[in-house]
Amino acid sequence: MTITECNLDGYGAPTIEWARVESVLASQLPQAPGTGGPQRHTMWLSTINPDGRPHVVPVGVIVSGSRWYFTSGPATRKSRNLTRDARCVISVATEPFDLVLEGQADRVTDSDELRTAAEAFAADGWPARVEGDALTAGYSAPSAGPPPWYLYRLTVSTVFAFGTSEPLGATKFQLD
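I will try to describe carefully the structure that is included in this document. (Residues numbered from 1 in each chain as written. Predicted model: local features only at pLDDT ≥ 70, side-chain atom pairs only at ≥ 80, totals over all residues. Heavy atoms only, no water.)

1. Thoughts on the packing of aromatic side chains
Short version of the rule: Each pair of aromatic rings taken from Phe, Tyr and Trp, with Trp reduced to its six-membered ring, is defined by centres within 6.5 Å and is described as stacked if the planes are under 30 degrees apart, edge-to-face if over 60, and tilted in the remaining cases. The way it works is that DSSP assigns letters per residue, a run of H or I at least four long becomes a helix, a run of E at least two long becomes a strand, and they are numbered from the N terminus. Note on exposure labels: buried denotes an accessible area under 20% of the residue type's maximum, exposed denotes more than 50%, and partly exposed covers the range between, all computed with a 1.4 Å probe on protein chains only. We count a charge as sitting over a ring when the NZ of a lysine or the CZ of an arginine lies within 6 Å of the ring centre and within 35 degrees of the ring normal.
One pass over the structure, following the stated rule, counts 6 aromatic pairs. Aromatic side chains Trp-18 and Phe-173 sit 4.9 Å apart centroid to centroid with 55 degrees between the ring planes, which places their arrangement in the tilted category. Residue Trp-18 is located in helix H1 (residues 18–25), and its partner Phe-173 is located in strand E11 (residues 170–175); the two are separated by 155 residues in the primary sequence. On the basis of relative accessibility, which here comes to 14%, the residue Trp-18 falls in the buried class. An angle of 85 degrees between the planes, with centres 5.1 Å apart, marks the rings of Phe-121 and Trp-126 as edge-to-face. Each of the two residues, Phe-121 as well as Trp-126, counts as buried. An aromatic cluster of at least three residues, connected via ring pairs, comprises Phe-70, Tyr-150 and Tyr-152. The ring of Tyr-150 has Arg-107 lying over it, and the distance from NZ or CZ to the ring centre is 3.5 Å.

2. What to know about the nonpolar core
Formally: By convention a nonpolar core is built from buried Ala, Val, Leu, Ile, Met, Phe, Trp, Tyr and Cys residues, the set being connected through side-chain atoms within 4.5 Å. Every residue pair with non-hydrogen atoms within 4.5 Å of one another is taken to be in contact.
Among the nonpolar cores identified, the biggest contains 27 residues, and Val-21, Trp-68, Phe-70, Leu-99 and Val-159 are the most heavily contacted of them. Broken down by secondary-structure element, the contributors of at least two residues to this core are H1, strand E4 (61–64), strand E5 (67–72), strand E6 (87–93), strand E7 (97–108), strand E10 (150–163) and E11. Setting aside anything within four residues of it in sequence, one finds Val-21 in contact with Ile-16, Phe-97, Leu-99, Val-159, Ala-161 and Phe-173.

Here it is in structure tokens:
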């Protein structure tokens, strides 16, 4: 993969190093209160409504390998939006950076990949399991709709990192 970086900081801060950003992206960012910065890691998913307006909701994300996964009920606005237009954004605040990941979310139906993601969710405390071509569990976020839930894999094309601790900075990374 080729990574092109562009320093966006207008105040003379250095370019943020990709290795630092990549280590955060590859880590499991806990979403429980008091576990991240600031105070928790809420992942925000932005999709595109049919009329072009943005639709933004919190979503649970699991990192498995270098892949980011999230779930959504088939009838939810986010799933309907992604079916029509897979382009989306996930953003999250962490201690070293505020991160914005632009890309495409594709529904996962492969049984091995579904099983791998379900195991990762379960290891992180959400007892997901595969049911047909989706995931199910005894509960999920209220915004997820009723089970089963589709699994989506985010393929990231652009990452914006905005420093929240020294040496600060703002850098755009284009992933090709």
